[in-house]
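So the chains spell out like this:
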Amino acid sequence: MSKVKLTMNELFSGIGAQKRGTDLTGVFDCEVVATADIEKDAMVSYAAIHNGLTNEMVKEYSDYPSEEQMRKELMDKNIGFDFKKGTNPIARVSGKKKKKYYLAMIISKNLGDISKIAKLPYADFWTYSFPCQDISIAGKQAGIVQGETRSGLLYEVERLLTR
């Protein structure tokens, strides 16, 4: 039995649990067209798990832009942004660490902050695990409030779906 070939956008991708779950069905051969996540270390983990990112790959990759251009691209997508503090530690990262974040973003096709995405590339289906801390019993229970809570980012998925 051949697998069904599909394309997917994986929003709030984290380490790629949705992609992994889809792969584990054994029914689908899914190509991820785009991901969207700002958590820098989750993005690196995603790239390692799903795209084979290694320290050797970071060292051998030869198509890096300038340090300033890498910083700009990462910061424009809010990769690593800390919304509680209103700062982005990516601004202070340099060298190999910045290259690792940059390459992880590129090979995982990470578009970054969902609120900054105007339109997603076409895909057969989308998956998302939006931030649930604000509705979790273990969280602050602040609710799904558009523009105010992390869980309110669910409205960004709706915005993109209705375009």
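These remarks concern the structure in this document.

Reading the values: rules and limits
- Residues numbered from 1 in each chain as written.
- Predicted model: local features only at pLDDT ≥ 70, side-chain atom pairs only at ≥ 80, totals over all residues.
- Heavy atoms only, no water.
- Pairing = 2+ DSSP bridges.
- Helix = DSSP H or I, 4+ residues; strand = E, 2+ residues; numbered from the N terminus.
- Axes fitted to C-alpha atoms, helices over the stretch in contact; angles between N-to-C directions.
- Contact = heavy atoms within 4.5 Å.
- Buried < 20%, exposed > 50% of the residue type's maximum accessible area, 1.4 Å probe, protein only.
- Right-handed = clockwise from strand over helix to strand, strands pointing away.
- Core = buried A, V, L, I, M, F, W, Y, C linked by side-chain atoms within 4.5 Å.
- Salt bridge = Lys/Arg side-chain N within 4 Å of Asp/Glu carboxyl O.
- Arc of directions from axis to C-beta.

Focus: the sheet that holds strand 1 (residues 4-11)
Reading across from one edge, 2-1-3 is the order of the three strands in this open sheet, with parallel pairing throughout. Looking at the sheet topology across the chains shown, the edges are occupied by strand 2 (28-36) and strand 3 (125-128). When strand polarity is set aside, the average angle formed by the axes of neighbouring strands in this sheet is 30°. Summarising the sheet, strand 1 and strand 2 pair through eight bridges and their orientation is parallel. Residue pairing across strands places Thr7 opposite Glu31, the latter belonging to strand 2. Against the sheet, helix 1 (residues 17-24) touches strand 1, strand 2 and strand 3, its axis set at about 160° to strand 1.

Considerations on the pairing of strand 1
Regular strands show a simple pattern: their side chains alternate between the two faces of the sheet. Here strand 1 lies mainly inside the structure; six of its eight residues are buried. Assessed by its sense of winding, the connection that carries the chain from strand 1 through helix 1 to strand 2 is right-handed. One ladder, built from four bridges, connects strand 1 with strand 3; its direction is parallel. By the bridge assignment for strand 3, Asn9 is matched with Trp126.

Side note on the environment of Ala118
Mapping Ala118 onto the fold places it in the loop between helix 5 (95-107) and strand 3. For the pair Ala118 and Asn55, spaced 63 residues apart in the sequence, the C-alpha separation amounts to 32 Å. Apart from residues lying up to four places away in sequence, Ala118 is in contact with Arg159, Leu160 and Arg163.

Thoughts on the nonpolar core
With 16 residues, the main nonpolar core has Leu53, Leu74 and Tyr101 as its most contacted residues. Sorting the residues of this core by element identifies helix 2 (40-51), helix 4 (67-76) and helix 5 as the ones contributing at least two each. Per element, the largest residue contribution to this core is five residues, and it comes from helix 5. Once residues within four sequence positions are removed from consideration, Tyr101 is found in contact with Lys40, Asp41, Met43, Val44, Leu74, Ile90 and Val93. Grouped together as the second largest cluster of nonpolar side chains are eight residues, Ala36, Ile117, Val157 and Leu160 included.

A word on the side chain of Thr22
With respect to the element layout, Thr22 can be found in helix 1. Setting aside residues up to four positions removed in sequence, Thr22 forms contacts with Phe28, Cys30 and Phe125.

A closer look at the pattern of salt bridges
In this structure the tally under the stated criterion is nine salt bridges. The residue Glu56 makes a salt bridge to Lys59 at a minimum N-O spacing of 3.8 Å. Taken as a pair, Glu56 and Lys59 lie in helix 3 (residues 55-60) at a separation of three residues, close to a single helical turn. For Lys59, a relative accessible area of 64% translates into the label exposed.

Description of helix 4
For helix 4, the set of buried residues is Met70, Arg71 and Leu74. Within helix 4, the buried residues cover an arc of 100° as seen down the axis, which keeps them to one side. Summarising the contacts, the buried residues of helix 4 are in contact with helix 5. Downstream of helix 4 by one or two residues, Asn78 has phi in the positive range, about 60°.

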